[in-house]
Amino acid sequence: MGAVQARACEPLTNLNTAVDQFAAVSEDVTVGDVKQIKEEVDGVVSLLRTANQALNSVAIEEMLTAYDGLAATIEGLPDDQPLGDSAAEIQTAVQQVQVALDQAISGLSCGE
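Here we summarise the structure given alongside this text. (Residues numbered from 1 in each chain as written. Predicted model: local features only at pLDDT ≥ 70, side-chain atom pairs only at ≥ 80, totals over all residues. Heavy atoms only, no water.)

### A closer look at the state of the cysteines
This structure, assessed with the given rule, holds 1 disulfide. The partner cysteine of cysteine 9 in its disulfide is cysteine 110, sulfur to sulfur 2.0 Å. Torsion about the S-S bond of the cysteine 9 and cysteine 110 cystine: about -85°, corresponding to left-handed handedness. Residue cysteine 9 is found in helix H1 (residues 3–23), and its partner cysteine 110 is found in the segment after helix H4 (86–107); the two are separated by 101 residues along the sequence. Cysteine 9 sits in the buried class, given a relative accessible area of 8%. (Disulfide = S-S within 2.5 Å. Helix = DSSP H or I, 4+ residues; strand = E, 2+ residues; numbered from the N terminus. Buried < 20%, exposed > 50% of the residue type's maximum accessible area, 1.4 Å probe, protein only.)

The structure is reproduced here in structure tokens:
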């Protein structure tokens, strides 16, 4: 595994753990709580964007696009409101990120 590829694997693995926090979101959680999780995840996503400038991985780019969709969904919600019906929309977006993330990790042979 090359140095640039290794630089991408660590944030991918960290992002996999962070995205699990979104998977646990329920309709009783406030939008503000979800936005706080997103802010924490944004830092890892930023590292991936930087690493992918050298790697040019299609799988990482697809994962970043899926995450941008999730982020836009979250940002469009009003703060301090219960997530309510939006929880299902967020769960769908999280599933798309998880699928793309699994493909990126597999494509880069992270953990092997």
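Still more ground to cover, so stick around.
### What about the environment of serine 57?
Among the structural elements, serine 57 can be located in the loop between helix H2 (31–55) and helix H3 (58–75). With a relative accessible area of 13%, serine 57 lands in the buried category. Taking the C-alpha atoms as reference, serine 57 lies 20 Å from valine 94; in sequence the two are 37 residues apart.

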